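One-letter residues, chain by chain:
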Amino acid sequence: MNKAKASRTNKEKARAAANKTASLGEDIDLSEYTSAGEKHAYRDNPSQLPAEAKKHMLEAGVMLDDTSQRSGTYIQMDNTPVHSSVSGDGVEVMPVSQAMEKYDWMTDYWWNAVAVDQDKYTANIELSQYDGYFIRTLPGKKTVFPVQACLYLAKDKLVQNVHNVIIAEEGSELHIITGCSTASQEDAGLHLGVSEFYIKKGAKVTFTMIHSWNPETAVRPRSGVIVEEDGLFLSNYILMKPVRSLQMNPLVKCVGDNSTARFNSILVTGEGSSLDVGSRIILDGKGSRTEIVSRAITTGGNIIARGYIEGNAPDIKGHLECRGLILGEKGMIHAVPELKGNLAGIDLSHEAAVGKIAEEEVEYLMARGLTREEATATIVRGFLHVDIEGLPPLLAEELKRAVEASEKEVM
Amino acid sequence: MLKIKDLSVSVEGKEIIHDVNMTIKNGETHVLFGPNGAGKSTLLMAIMGFPKYRVTKGSISFKGKDITGLTVDERARMGMGMSFQRPPVVRGVKTRDMVAACLKESGDGDTINVLANRADLGEFLERDINYGFSGGEIKRSELMQLLAQKPELTLLDEPESGVDLVNIALIGELMNELLEKNCPIQYRKCMGLIITHTGHILDYVNARTGYVMCDGTIGCVGDPHEMLATIREKGYDECINCYLGRLPINE
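This structure is a prediction, so every number in the text was calculated from the model and none was measured.

**Q** Can you break down the overall build of chain B residue by residue, with the values?
**A** Each helix and strand in chain B was counted, giving 7 helices and 12 strands. Radius of gyration (C-alpha) of chain B: 18 Å, near the 18 Å computed for a compact globule of 251 residues. Along the first, second and third principal axes, the C-alpha set of chain B runs to 55 × 40 × 40 Å. Evaluated residue by residue, chain B yields a buried proportion of 55% over its 251 residues. Of the roughly 10,900 Å² of accessible surface on chain B, a fraction of 49% belongs to carbon and sulfur atoms.

Laid out in structure tokens, this is it:
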């Protein structure tokens, strides 16, 4: 399909879905937000961004003063890309609008992993003025340092519409760390983000997302991932700070033989927050496998932790582990693990547990001389500790720091 | 010194231990025999101070201080340590973290590695504590933690149960290190109180005082080797019948 025709079709589908309520999560009234924000100035050097913004971005893992350990950087404030750059060859980072102009084949990657008419949020993105990041590794290229991206909400009552496309060409390796944060701790905001991932044959993508919103933000990410033969998609998600309402349920299709998808999520929330976070993995390729590990802690907010694995091919293997900890008197955790097998000879399993910290464990540690507070902190730290295979040491270290920061939020 | 005086202990409102008296002097290791359900573990848990084991009468003093009202961690920091018979799995907390917690500031990563090698648990340091451990591995892990903690009073609940004959020698060695067996008696400070069913452990530790406990009371006090011979020959019933009433309950 040519570009113009594809665009018309997408717009038509979006218009038809403009009022389509999402199947999960509280319905957000889009009319309460405006998408017409001021344009922010482009910066050739990201370190020139205001110190306050850089501080918030750093909290979400985005380093702007020293980018020597980054393969590329993309920064978007509200709906304006304010910086994009790459260091080294083999990787492309640019606003997605620019990629659309540059590459005719972009239509193949546009609303392909995510449906434009999934709900009113995807429709709103298509129907609005919007941008997002385009990150691509060239065939066989393996990036050592991660590409970093930041989506930053600065204006009050703004809807941030984002559409990202990530392509790892055959045999390439790409690490992405993406941080989302807000300028203010009080301003209301809505983040709508579509991310489409295409992991080609033998490629590997690790995607580490750190969310650091404020208690008035509503967030509706919509992600889709297509993993080809021998490809690997590894997602790490950390929600560290309060958020009013967040719902996401990314869909991964392991279409290639021996493809792999792994999801690790760490959700920490307090009173006033409502989270509905899951992941859906469809194992269509022979020998494909997946593992979903989620850890949820509430000190007063509500968390629905979902996981869905569907096996449609021989020799597939999937495991889902969902554990929730309720600290304090209030708060709710609802674990929804689901498995669906469509043929014999597949191996799908899950384990889920929700509860408070076992007194027996606290006393065990106290018998070694730890105070009750120290024992509780040690158990919480252990609970949040997730062994992540396949993450480069640098990212593993950064992830560890982010988890430690979320521990502090809890304690 | 540990001094237990007229101690009664209740669990969930039911009195399990009645009027127990016991004194362990510095450098001494005592052994507690008794049939299942006699209250041996309850006594140990009460000495360690677990809140579920409520002291209803009497007192416990340690190093000259009445500790009856102290919490578990306060007692641990005063120098009490306990090996658990069935310790809980704590997911995400690595064995290394536990040993480090026991060491406090008195050692580093190398110290932990040395201790793990001593206990033949080098490969377990990065595993979640007690997760998938066999009976013998749990015992060795408990003793490794205690060696890091260096308690002055060690409470051991059936350290040999579930351990095969090869491992029992290693368990014995670790216990001896804890209880300073190789240190001349006059310089020995560490005290021990060991629950044993089989008595195998007597081959390894230097224990001179034994007790037989039954129905929550201490029926007799004596030489543990002689007691063990009697128990093996005649069983606990006979042992209790024989000694009860003949020996003073109070030391």
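**Q** Break down the layout of surface pockets for me, with residues and values.
**A** Of the volumes computed, that of the largest pocket is approximately 750 Å³. What lines the largest pocket is a set of 27 residues, among which Arg381, His385, Lys400 and Glu404 of chain A together with Asp97 of chain B lie closest to the centre. Here the lining of the largest pocket gets 6 residues from one element, more than from any other, and that element is helix H7 (residues 393-410) of chain A. Of the residues belonging to the lining of the largest pocket, the class tally is 12 nonpolar, 4 polar and 11 charged. Here the second largest pocket is characterised by a volume of approximately 500 Å³. Lining the second largest pocket are 23 residues, with Ser41, Met45, Tyr53, Gln85 and Asp157 of chain B sitting closest to its centre. A breakdown of the residues in the lining of the second largest pocket according to their chemical character gives 9 nonpolar, 7 polar and 7 charged.

**Q** How would you explain helix H1 (residues 40-48) of chain B if you had to name every residue and give the values?
**A** Residues and elements named next belong to chain B. The buried count for H1 comes to 8 of 9 residues, which makes it a mostly enclosed element. Within H1, the full set of buried residues consists of Lys40, Thr42, Leu43, Leu44, Met45, Ala46, Ile47 and Met48. Two residues or fewer after H1 comes Gly49, characterised by a positive phi angle close to 100 degrees.

**Q** I'd like a description of helix H5 (residues 135-149) of chain B, backed by residues and values.
**A** Residue and element names in this part refer to chain B. With 15 residues, H5 extends 21 Å between its outermost C-alpha atoms, agreeing within 8% with the 21 Å of an ideal straight helix rising 1.5 Å per residue. Burial within H5 is extensive, with 14 of its 15 residues counted as buried. Immediately downstream of H5, the backbone of Lys150 shows phi near 50 degrees, a positive value.

**Q** Give me the lowdown on the interface of chain A and chain B, citing residues and values where you can.
**A** Interfaces are often described in size by the accessible area the parts lose on coming together. Across the contact, 22 residues belong to chain A and 29 residues belong to chain B. Between chain A and chain B the total buried area reaches about 1,900 Å² when both faces are included, carbon and sulfur atoms providing 59% of it. Ranking the residues of chain A by area buried against chain B places Tyr364, Ala367 and Arg368 of chain A at the top, with a combined share of 38%. The partner of Glu374 of chain A in a salt bridge is Lys104 of chain B, and the shortest N-O contact between them spans 3.9 Å. Taken together, the connections running from chain A to chain B amount to 9 residue pairs in polar contact (both at pLDDT 80 or more). Those elements that place two or more of their residues in the side of chain A that touches chain B are strand S19 (317-326), helix H5 (359-366) and helix H6 (372-384) of chain A. In terms of residue class, the side of chain A that touches chain B is made up of 7 nonpolar, 5 polar and 10 charged.

Parameters and conventions
- Residues numbered from 1 in each chain as written.
- Chains lettered and ligands numbered in written order.
- Predicted model: local features only at pLDDT ≥ 70, side-chain atom pairs only at ≥ 80, totals over all residues.
- Heavy atoms only, no water.
- Helix = DSSP H or I, 4+ residues; strand = E, 2+ residues; numbered from the N terminus.
- Rg over C-alpha atoms; globule rule 2.2 N^0.38 Å.
- Buried < 20%, exposed > 50% of the residue type's maximum accessible area, 1.4 Å probe, protein only.
- Areas by Shrake-Rupley, 256 points an atom, 1.4 Å probe, with all protein chains shown as cover.
- 1 Å grid on protein atoms, 1.4 Å probe; cavity = no way out; pocket = protein on both sides within 12 Å on 5 of 7 lines; lining within 4 Å.
- Points joined across faces, edges and corners; volume = space filled by probe spheres on them.
- Nonpolar A, V, L, I, M, F, W, Y, C, P; charged D, E, K, R; others polar.
- Expected span 1.5 Å × (residues − 1).
- Contact = heavy atoms within 4.5 Å.
- Buried area = accessible area lost by both parts, 1.4 Å probe.
- Salt bridge = Lys/Arg side-chain N within 4 Å of Asp/Glu carboxyl O.
- Polar contact = N/O pair within 3.5 Å; in protein donor to acceptor, adjacent residues only side chain to side chain.

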